[in-house]
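Chains, contacts and geometry: an overview
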Amino acid sequence: MAKQTGHPNGTHPCDIPSCGETLPLNMTWCERHYAMMPDHVQGELWAAARGGIGTSHRYNRNLQACRTALDWFEDNLDANGNRKEST
Ligand SMILES: [Zn+2]
């Protein structure tokens, strides 16, 4: 099935392509993938979420935090969206 981007009923898939979990629009990753993130990555996302609402500063900080999370996923998830064993 083709990957869906956006959904008429206000949901979207988890940002990890192999995951397929359906999420509300205000969540980027499913609980399973949030739980995999190390504290410093989660901390950055929370810090960005707590910033001033609707400001470009917050937007930029959010982008930065998402990029940090995506980089971490890229380095630490295997092709099936599972956490790689640390070596
Ligand atoms: Zn997921």
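Look up: the structure comes first, before these words.
Residues numbered from 1 in each chain as written. Predicted model: local features only at pLDDT ≥ 70, side-chain atom pairs only at ≥ 80, totals over all residues.

1. Details of the overall build of the chain
Looking only at helices and strands, one finds three helices and two strands in the chain. Helices and strands appear in the chain in the N-to-C order β-β-α-α-α. Counting only residues that meet the buried cut, the chain has 8% of its 87 residues in that class. A separation threshold of at least 6 residues defines the contact pool for the chain, and within that pool the share at least 24 residues apart is 27%. (Helix = DSSP H or I, 4+ residues; strand = E, 2+ residues; numbered from the N terminus. Buried ≥ 20, exposed ≤ 12 C-beta atoms within 10 Å, placed from the backbone. Contact = placed C-beta atoms within 7 Å.)

2. Some points on the environment of Cys30
With respect to the helices, strands and loops of the structure, Cys30 is situated in the loop between β2 (22–24) and α1 (31–36). Judged by C-beta crowding, with 19 C-beta atoms within 10 Å, Cys30 ranks as partly exposed. With 17 residues separating them along the chain, Cys30 and Pro13 place their C-alpha atoms 8.5 Å apart. Residues contacting Cys30, with those up to four places away along its chain left out, are Cys14, Cys19, Glu21 and Leu23.

3. So, the packing of helix α2 (residues 39–50) against helix α3 (residues 56–76)
Each pair of packed helices can be described by the angle between their axes along with the distance between the axes. Relative to each other, α2 and α3 sit at 165 degrees, their axes nearing to 8 Å. Here α2 is positioned roughly antiparallel relative to α3, judged by the angle of their axes. Of the two possible hands of crossing, α2 and α3 adopt the one that is left-handed. Residue-level contacts link Val41, Glu44, Leu45 and Ala48 of α2 to Arg58, Arg61, Asn62, Ala65, Thr68, Ala69 and Trp72 of α3. Among the residues forming the contact of α2 with α3, the class breakdown is six nonpolar, two polar and three charged. (Axes fitted to C-alpha atoms, helices over the stretch in contact; angles between N-to-C directions. Parallel < 35°, antiparallel > 145°, perpendicular 65-115°, else oblique. Left-handed = near helix turned anticlockwise from the far one by under 90°. Nonpolar A, V, L, I, M, F, W, Y, C, P; charged D, E, K, R; others polar.)

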